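Next come the chains, spelled out residue by residue.
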Amino acid sequence: MELARLSWAQAKEALERAKVALLPVGSTEQHGPHLPLGTDHLTAAWIAREAARRGDFLLLPTIPVGVSPHHRQFWGTLWVEPEVLRDYVMGIARSLAYHGLRRLVFVNGHGGNTEALMEACRRLRDEGIYAYVYIWWRAVGEEIQKHFAGGGHAGPVETSVVWHISPELVQPERFAEAAAGAGERWGRPVHGVDIGYDTIDFSTSGCVGDPRKADPAKGEVVMEATVEKLLNFCRWLASAPEEELRTKPHIP
Ligand SMILES: [Zn+2]
């Protein structure tokens with residue numbers, strides 16, 4: 001069920017039936033010279049859509065811009081401040097709660113969003129709205145390790161995933177250029193301190209890792225695994241007793 005495609009007359013029944021809503025949250029930010037700026041929100045939307053379809057949950061419209069100022073030196077990157085994202089998703093959650101649906105999952109496609117989303121969930125719980133952050137790559141970290149030697153921003157994992165879900169948006173002829181300017185790891189450690197605030201501090205192509213190691217077949221395996229995991233979480237959330245979700249009272 002996709003909320004944006006229903007009329008209000010259809011939405012009442014959908015909101016009652018769904019039990020859980022899925023909100024894809026991503027970014028519009030550089031992903032190397034070979035992947036689209038929309039990589040993170042396209043991926044989050046794909047995962048959320050599949051899980052909503054398979055489990056008959058409610059899919060909400062995607063938030064396409066997140067917390068990405070650390071990519072701003074690369075053309076086309078858009079961003080908002082973390083508190084703007086936090087307040088925005090809280091507003092969406094509260095409007096859903098007004099319609100009676102108080103359980104939702106933020107399907108996150110971008111690491112930079114995580115803190116703001118977690119903070120939103122923590123605050124919402126005190127209002128009796130139960131929201132959780134699903135970080136797709138973290139949820140299937142073990143599966144990813146089975147198939148890839150390393151990951152990284154716009155590296156082999158993300159490239160494989162986009163190659164699977166939107167092959168027309170991947171530019172393999174630019175893989176070599178992406179690899180040539182790639183950082184080996186995220187950040188720039190100096191004597192135990194990370195001095196790399198912006199991606200450009202440790203990568204001139206915007207990538208971390210080598211996209212030449214990408215494989216769309218592996219991308220498919222990882223996407224299937226993460227959709228299944230999300231589906232299981234949504235099923236659990238749909239039937240969890242409210243006492244388990246609620247903010248605990250102060251100890252006596
Ligand atoms: Zn990404």
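For the structure itself, consult the block above.
This structure is a prediction, so every number in the text was calculated from the model and none was measured.

Moving on: the pattern of salt bridges. Within this structure, the stated rule accounts for 15 salt bridges. The partner of Glu 224 in a salt bridge is Arg 54, and the shortest N-O contact between them spans 3.0 Å. Of the two residues, Glu 224 is situated in helix H9 (residues 216–239) and Arg 54 in helix H2 (residues 39–55); the sequence distance between them amounts to 170 residues. Judged by relative accessible area, Glu 224 falls into the partly exposed class, the value being 32%. For Arg 54, a relative accessible area of 27% translates into the label partly exposed.

The next subject is the pairing of strand E3 (residues 103–108). Taking burial as the measure, the six residues of E3 include six buried ones, the bulk of the element. Alternating positions in E3 separate into two faces, Arg 103, Val 105 and Val 107 on one and Leu 104, Phe 106 and Asn 108 on the other, with burial throughout. For strand E1 (residues 21–25) and E3, the ladder comprises five bridges, and the chain directions are parallel. Bridging across to E3, Leu 22 finds its partner in Val 105. Direction of pairing for E3 relative to strand E4 (residues 130–135): parallel, over a ladder of six bridges. When the bridges of E4 are listed, Val 107 appears paired with Tyr 134. One crossover worth recording links E3 to the parallel E4 by way of helix H4 (residues 114–125), and it is right-handed.

Quick notes on the rules
- Residues numbered from 1 in each chain as written.
- Predicted model: local features only at pLDDT ≥ 70, side-chain atom pairs only at ≥ 80, totals over all residues.
- Heavy atoms only, no water.
- Salt bridge = Lys/Arg side-chain N within 4 Å of Asp/Glu carboxyl O.
- Helix = DSSP H or I, 4+ residues; strand = E, 2+ residues; numbered from the N terminus.
- Buried < 20%, exposed > 50% of the residue type's maximum accessible area, 1.4 Å probe, protein only.
- Pairing = 2+ DSSP bridges.
- Right-handed = clockwise from strand over helix to strand, strands pointing away.

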